[in-house]
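Below, each chain spelled out in residue letters.
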Amino acid sequence: MIFIMINKFTALIVAAGKGERFGGDTPKQYLPLLGKSVLQWSVDAFKNHTRISEVFVVTHPDHGSFYPGGIRGGATRQESVRLGLEEIARRSKPDFVLIHDAARPCLSPQLISDICNALLQHDAVAPGLPVTDTVKRLSGTKIMTEDRNGLYTVQTPQGFRFDKILGLHREHAGNAVTDDTSLFDDVKIIPGDRANVKITQEEDFAIVEKALSDARSDVRTGKGYDVHRLIDPLHAFQKLKLCGVEIPHDKVLEGHSDADVALHALTDALLATICDGDIGTHFSPKNPQWKGADSAQFLRRAAELIARQDGLISHVDVTIICEEPKIGPHRDKMRARIGGLLDLPLSRISVKATTTEGLGFTGRKEGIAAEAVATVRLPFGASKAANICETKKWGT
Ligand code: CTP
Ligand code: MG
């Protein structure tokens, strides 16, 4: 009999600090940063990585309104990590854990992969950067030059064999330790990432904002187009669906799935930005699995594929072309539905409609057409990220 061992990697993000050095009313990890919170950037980086099976977040008991459902943290970072590890031990049985500070939102998929790979051979792994500036020690008025050889600044995520780090944290609970790696005698230092800056002081925020934006400067535009025929409902419960919203109408759209022509056009526009085929490539109309399927899952899948390449959806624009039904009264509900599916604010979602003045098949009310345009920001070299993140084809 052959046993295949699959290593389970879990992420633990500590976000229970008060951000006292940063200051302000909102703790730094909950500040908005290019469309989502500082914390959410790290959560998404782990969630979108195929090697990571679960993500746990430790939060301050007073911060439930910013991030509900987090694991209750402690008075120090060390205590928050220990409480997080104990909760993971109760809920899951990972082989490895990657511990990360919420205050470092510029976490790249490459760094996560590097930590995971190194963990296959080492119990403790940390990303480090060799000190390049000259290091001085000040003693009274005397200034001495230190030997910077072998000196590193260490970042997170730091990776550990789960049972070992849990055991060491239990053993040292109450003793002050500076970081998790200091609990180990042997730590493998792998190359860190200069962009993986920690937000500590107020001025760090602008640096991180620019780094995240610059890292996604490959702006792509994708276009999608789709048509479905209007028919009489096949049964009393069949409804016309556009942009994921049921619209009262005497006709419905014909198709293999729920025939949501607007979501199909939008899915194609999103897939076009990463040059990953079209809706039919991923969800074959020949596959019975997609019969009557909710097209929301097609859109979500396209968004997931973009997220796997560390991309950011900047804007989407959908045009529905029909004489009837009237789209205006449903427009805001449609935008909200797309926003929910893509995790996008309304300010980045446009839905509009036009008639064709009675001309053509749409003018004769034989069918509805939809066009969509999507703008996505990708890292340059996104195909490299795609290589490390397996892109699974569905339904083919
Ligand atoms: N952290 C934690 N629990 C604590 C203290 C810190 O989970 N009791 C987390 C922070 O939320 C942060 C990480 O540990 O993501 C690194 O800590 P730091 O940058 O020092 O953040 P704060 O402690 O929030 O900031 P400050 O020290 O300025 O108050
Ligand atoms: Mg702190």
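As the structure is a computational prediction, the values presented were derived from the model and not from experiment.

Draft legend 1. Structural detail: helix 5 (residues 202-214). All of the buried residues in helix 5 are Asp-204, Phe-205, Val-208, Leu-212 and Ser-213. Seen from one end, helix 5 has its buried residues packed into an arc of 165°, which puts them on one side. Residues Glu-203, Ala-206 and Lys-210 are exposed on helix 5 and point more than 90 degrees away from its buried face. Where helix 5 is buried, its residues contact strand 2 (32-33), helix 1 (38-47) and strand 19 (367-378).

Draft legend 2. Just the sheet that holds strand 19, in detail. Spatial ordering of the open sheet is given by 16-13-19-17-18, a layout of 5 strands whose pairing is mixed. The open sheet is flanked by strand 16 (252-253) and strand 18 (349-354), the only strands paired with a single partner. Relative to strand 19, strand 17 (residues 312-321) is paired through 9 bridges, and the arrangement is antiparallel. By the bridge assignment, Ile-320 is partnered in strand 19 with Ala-370. Against the sheet, helix 9 (residues 331-342) makes contact with strand 17 and strand 18, and its axis sits at roughly 140° relative to strand 18, the strand it touches most.

Draft legend 3. Up close: unusual backbone geometry. Thr-156 connects to Pro-157 through a cis peptide bond whose omega is 5°. One can find Pro-157 in the loop between strand 10 (152-154) and strand 11 (158-161). Each neighbour pair has its own omega, and for Glu-324 with Pro-325 the value is -10°, a cis peptide bond. On the secondary structure map, Pro-325 appears in the loop between strand 17 and helix 9.

Draft legend 4. Region of interest: the environment of Lys-326. Relative to the helices and strands, Lys-326 is located in the loop between strand 17 and helix 9. By relative accessible area, Lys-326 is classed as exposed at 58%. Residues Lys-326 and His-256, 70 residues apart in the sequence, show an inter-C-alpha distance of 24 Å. One polar contact links the side chain of Lys-326 to the main-chain carbonyl oxygen of Glu-323, over a distance of 3.4 Å.

Draft legend 5. Layout of the confidence of the model for the protein. Confidence in the prediction for the protein averages 93 pLDDT; 95% of positions are at 70 or higher. Counted against residues more than four places away or in other chains, residues 384-396, with its pLDDT under 50, gives 28 contacts.

Draft legend 6. A look at the packing of aromatic side chains. Tallying each qualifying case throughout the model produces 7 aromatic pairs. Ring centres of Phe-283 and Trp-290 lie 4.9 Å apart, and the angle between their planes is 80°; this geometry places the pair in the edge-to-face category. In this structure Phe-283 comes out as buried when scored by relative accessible area, which is 6%. Accessibility expressed as a relative area gives 4% for Trp-290, which makes it buried. When the centroid spacing of 5.9 Å and the interplanar angle of 85° are considered together, the rings of Trp-290 and Phe-298 count as edge-to-face. Just as Trp-290 is buried, Phe-298 falls in that class too. One aromatic cluster is present, formed by Phe-283, Trp-290 and Phe-298 through successive ring pairs.

What counts and what doesn't
What you see as residue numbers is a count from 1 along each chain, following the sequence as written. Lettering for chains starts from A, numbering for ligands starts from 1, and both go in the order in which the items are written. Only residues with pLDDT of 70 or above have their local features reported here, since the model is predicted, and side-chain atom pairs are shown and tallied only from 80 upward, although totals for entire chains, interfaces and linings are computed over all residues. Note that water and hydrogens are dropped before the side-chain values are worked out from all heavy atoms of the structure. Each residue is placed in one exposure class: buried if its accessible area under a 1.4 Å probe, protein chains only, is under 20% of its type's maximum, exposed if it is over 50%, and partly exposed if it falls in between. Runs of E in the DSSP output that reach at least two residues are strands. Runs of H or I that reach at least four are helices, and both are numbered from the N terminus. Directions drawn from the helix axis to the C-beta atoms are what define this arc. Whether two residues are in contact is decided by their heavy atoms, any of which lying within 4.5 Å being enough. Any two strands with at least two DSSP-identified bridges between them are counted as paired. Angles shown run from 0 to 180 degrees and are taken between the N-to-C directions of axes, each axis being a line fitted to C-alpha atoms and, for helices, limited to the stretch in contact. In the analysis that follows, any N or O atom pair within 3.5 Å is treated as a polar contact, provided that within protein one partner can donate a hydrogen and the other can accept it, and provided that, for residues neighboring in sequence, both atoms belong to side chains. Scored from 0 to 100, pLDDT records how confident the predictor is in each individual residue. Stacked, tilted and edge-to-face pairs are distinguished by plane angle, under 30 degrees for stacked and over 60 for edge-to-face with tilted covering the rest, among Phe, Tyr and Trp rings (Trp via its six-membered ring) whose centres lie within 6.5 Å.

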